Amino acid sequence: MRLPHMRKALQLLAFKAIMEKIPDQLGYLILTEDGAVLESGGELENDERVATIITDLISLSNSIDPVAFGPDEKFKKITITYDDHWFIICISNKKIYVVKRNIPTSSSESIAVNV
Amino acid sequence: MQSDGEESLLHSCFGSLRSAVMGCCYSICQKETDPQENVVNERTHLLEVPEQQQETPSPTACASTPPRKPDEQSALNRILHETATNVIDVGALGPYSLEAGAYSERVRAYTARAATAALPPPMPAKLLADLPPAIRRQVLVAPPMTHSDKELITNAVKKAASAISELRVEHHEDLVVPFRVP
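Below: a short report on this structure. (Residues numbered from 1 in each chain as written. Chains lettered and ligands numbered in written order. Predicted model: local features only at pLDDT ≥ 70, side-chain atom pairs only at ≥ 80, totals over all residues. Heavy atoms only, no water.)

**Here we look at the overall build of chain A**
- Scanning chain A from N- to C-terminus turns up three helices and five strands.
- In sequence order, chain A lays out its α and β elements as α-β-β-α-β-β-β-α.
- Taking all 115 residues of chain A together, 33% fall into the buried category.
- Sequence separation of at least 24 residues holds for 38% of the intrachain contacts in chain A that already meet a minimum separation of 6.
- Total accessible area computed for chain A in this model is approximately 7,700 Å², and 56% of it derives from carbon and sulfur atoms. (Helix = DSSP H or I, 4+ residues; strand = E, 2+ residues; numbered from the N terminus. Buried < 20%, exposed > 50% of the residue type's maximum accessible area, 1.4 Å probe, protein only. Contact = heavy atoms within 4.5 Å. Areas by Shrake-Rupley, 256 points an atom, 1.4 Å probe, with all protein chains shown as cover.)

**What to know about the environment of Ser59 of chain A**
All names here are of chain A.
- Within the fold, Ser59 resides in helix H2 (residues 48-61).
- With a relative accessible area of 41%, Ser59 lands in the partly exposed category.
- Spatially, the C-alpha atom of Ser59 lies 9.1 Å from that of Asp34, the residues being 25 residues apart in sequence.

**Details of the interface of chain B and chain A**
- Contact residues are listed per partner, giving 23 residues for chain B and 30 residues for chain A.
- For the pair chain B and chain A, the two sides together bury roughly 2,600 Å², of which 63% comes from carbon and sulfur.
- Contact with chain A buries surface across chain B, with Leu127, Leu128 and Leu140 of chain B losing the most and accounting together for 30% of the total.
- Linking chain B with chain A are zero salt bridges.
- On the surface where chain B and chain A come into contact, there are 10 residue pairs in polar contact (both at pLDDT 80 or more).
- Elements with a contribution of two residues or more to the side of chain B that touches chain A: strand E1 (130-131), helix H4 (133-141) and helix H5 (147-165) of chain B.
- A per-element tally of the side of chain B that touches chain A places H4 of chain B first, with six residues. (Buried area = accessible area lost by both parts, 1.4 Å probe. Salt bridge = Lys/Arg side-chain N within 4 Å of Asp/Glu carboxyl O. Polar contact = N/O pair within 3.5 Å; in protein donor to acceptor, adjacent residues only side chain to side chain.)

**Examining the packing of aromatic side chains**
- Taken as a whole and judged by the stated rule, the model has one aromatic pair over all chains.
- A ring pair is formed by Tyr82 of chain A and Phe87 of chain A, whose centres lie 6.3 Å apart and whose planes are at 75°; its orientation type is edge-to-face. (Phe/Tyr/Trp six-rings, centres within 6.5 Å; stacked < 30°, edge-to-face > 60°.)

**Focus: the pairing of strand E5 (residues 95-102) of chain A**
Residues and elements named next belong to chain A.
- Of all the eight residues making up E5, six are buried; the element is thus mostly covered by neighbouring parts of the structure.
- Both strand E1 (residues 25-32) and E5 contribute to a ladder of seven bridges, which runs antiparallel. Looking across to E5, one finds that Ile30 is bridged to Tyr97.
- For strand E4 (residues 85-92) and E5, the ladder comprises eight bridges, and the chain directions are antiparallel. Residue pairing for E5: Ile88 is matched across the bridge by Val99. (Pairing = 2+ DSSP bridges.)

**A look at the nonpolar core**
- Leu29, Ile54, Ile58, Ile89, Ile96 and Val98 of chain A are the most contacted members of the largest nonpolar core, which totals 15 residues.
- Elements that contribute at least two residues to this core include exactly E1, H2, E4 and E5 of chain A.
- If one sorts the elements of this core by residue count, H2 of chain A sits on top with four residues.
- Listed in part, the 13 residues of the second largest apolar core include Tyr28 and Ile88 of chain A together with Leu131 and Val139 of chain B. (Core = buried A, V, L, I, M, F, W, Y, C linked by side-chain atoms within 4.5 Å.)

**Notes on the pairing of E4 of chain A**
- Of all eight residues in E4 of chain A, eight are buried; the element is thus mostly enclosed.
- Of the pairings in the sheet, the one linking strand E3 (residues 78-81) of chain A to E4 of chain A comprises four bridges and is antiparallel in character. When the bridges of E4 of chain A are listed, Ile80 of chain A appears paired with Phe87 of chain A.
- Where E3 of chain A hands over to E4 of chain A, the hairpin turn is made up of three residues, counted between the paired strands.
- Linking E4 of chain A to E5 of chain A, which pair antiparallel, is a turn of two residues; within it Asn93 of chain A sits at a positive phi near 55°.
- Sheet topology note: the E4 of chain A/E1 of chain B ladder contains two bridges and is parallel. Looking across to E1 of chain B, one finds that Ile91 of chain A is bridged to Asp130 of chain B.

**Considering the side chain of Arg136 of chain B**
- Note that Arg136 of chain B resides in helix H4.
- Although buried, Arg136 of chain B forms no salt bridge, and the nearest oppositely charged side chain, Asp130 of chain B, lies 7.9 Å from it.
- At a separation of 2.8 Å, a polar atom in the side chain of Arg136 of chain B contacts the side chain of Tyr97 of chain A.
- Beyond its immediate chain neighbours, meaning those up to four positions away, Arg136 of chain B contacts Ile18, Cys90, Ser92 and Tyr97 of chain A together with Leu131 of chain B. (Lys, Arg positive; Asp, Glu negative; His and termini not counted.)

Shape descriptors only; they carry no functional weight alone.
What follows is the structure, given as structure tokens:
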């Protein structure tokens, strides 16, 4: 009787292990295709608001111009980049993976010197 | 001057108090003229108290509470009996078992109903590809977008936006033409 619980716990641990290996990660969300939160952690823990926004973004991208993007032209990820952090969104196994990652503030990146 | 101000202030206070008291009396009096109307609003009584024992302001309440008690008690009893007849105590029902035939028939009926009422399946993502786990791990640990890429995208979008805003209509012919009806 305990087996499904153990399996779920192991799955959760496996997810956490994968997610925590991502460098600079601040939080993560794993959603179903229609936007229900399966797992969450870090700054995105229980963040239904962000889950809804990401799901809406993906459904928005479903109605793009078929002339511009053919049915064979698929993308691997969507990134949303801010000044100090960024989000990476990808789909795998019919689940939406969202990871919020930190941008390390290094002065060398922002200064571009043309000689 | 000071005393005049104080007096006028007192007058205005008293006036507002008087109007408040009159307002209360008015609302109490109005209830007696409304028994015919069956409109349910925030003023309808929850307990059906008879007309002659309607709410009176507090100074007279002490004098009238003893005769009001038995009516309140009977009203409460009535509510209690109504609730007792309407409430179904599931815990007290005892063990209930369906026959095998009735059970399977219900399963069939419920699944049929559930199938008709099912939500449409979520549309799979068209622009994003479904990645196998190995590639997913690769994608998630990939470094962020480079600064030059960001600049490129921002500039391209700015140019596109300015180009779209420069779309103009050039007028060559008259907009309003007469109908040439012979």
